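Results of the structural survey
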Amino acid sequence: AGVAEFSVFSFAEPNDAYRLQFTAQATTTSATDRALVTLSQPFAILPRASRLVIKRQPGDTTSRQPLAEQPIVGLLGADGTAVTDEQVNVHAYLSGSAPGVVLSGTRDTYTVLGAATFTDLMITLPGD
């Protein structure tokens, strides 16, 4: 009694100065209408997905063989918790490699329950 619950809110963009205002029109027994107003404390809306983390590092390999350990990349929110309710495309590429070194396999995968799991990445050296 005397409590209103709201299950769905949406906001346009992240911010740190949101407040919710609630109003009601109250009628007293003397038939005098008055507005009731209450305002929440300020709160922030954090970006849903704000960073990637490697949950499983790639394992050593030989040229033209799948990585011994296929990487898993986690999707985290600004507060460090896993973002499990979004599907985000994660792209793998080879960084800092010599000319002619090729990363192959399925290099794009979507997160499922907060993790992108790669399954067939391999590296080919020039001349192999």
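Look up: the structure comes first, before these words.
Small disclaimer: the values here were computed from a predicted structure and weren't measured.

1. Overview of the environment of Leu-67
Tracing the backbone through its elements, the reader meets Leu-67 in the loop between strand S5 (51-56) and strand S6 (72-76). Along the chain, Leu-67 and Leu-121 lie 54 residues apart, while their C-alpha atoms are 6.0 Å from each other. Setting aside its immediate chain neighbours within four residues, Leu-67 contacts Pro-58, Gly-59, Asp-60, Thr-61, Leu-121, Met-122 and Ile-123.

2. Re unusual backbone geometry
Non-glycine residue Arg-64 carries a positive phi angle of around 70 degrees. Turning to its location among the elements, Arg-64 is positioned in the loop between S5 and S6. One non-glycine residue, Leu-113, lies in the positive phi region at around 55 degrees. Mapped onto the elements of the fold, Leu-113 is located in the loop between strand S9 (108-110) and strand S10 (115-117). Leu-113 sits in the exposed class, given a relative accessible area of 67%.

3. Details of the sheet that holds S5
As summarised here, the arrangement of the three strands in space is S5-S6-S10, forming an open sheet in which the pairing is antiparallel. Edge positions in the sheet fall to S5 and S10, since each has one partner strand and no second. Averaged over all pairs of adjacent strands, the angle between their axes in this sheet comes to 25 degrees, without regard to strand direction. Two strands pair when backbone bridges link them, and S6 and S10 are joined in this way by three bridges, in the antiparallel orientation. Counted as the bridge partner of Ile-72 is Thr-117 from S10.

4. Details of the side chain of Ser-40
Within the secondary structure layout, Ser-40 lies in the loop between strand S3 (33-39) and strand S4 (43-45). A distance of 2.7 Å separates a polar atom in the side chain of Ser-40 from the backbone nitrogen of Leu-20. Excluding residues within four positions of it along the chain, Ser-40 makes contact with Arg-19 and Leu-20.

Rules behind the numbers
- Residues numbered from 1 in each chain as written.
- Predicted model: local features only at pLDDT ≥ 70, side-chain atom pairs only at ≥ 80, totals over all residues.
- Heavy atoms only, no water.
- Helix = DSSP H or I, 4+ residues; strand = E, 2+ residues; numbered from the N terminus.
- Contact = heavy atoms within 4.5 Å.
- Buried < 20%, exposed > 50% of the residue type's maximum accessible area, 1.4 Å probe, protein only.
- Pairing = 2+ DSSP bridges.
- Axes fitted to C-alpha atoms, helices over the stretch in contact; angles between N-to-C directions.
- Polar contact = N/O pair within 3.5 Å; in protein donor to acceptor, adjacent residues only side chain to side chain.

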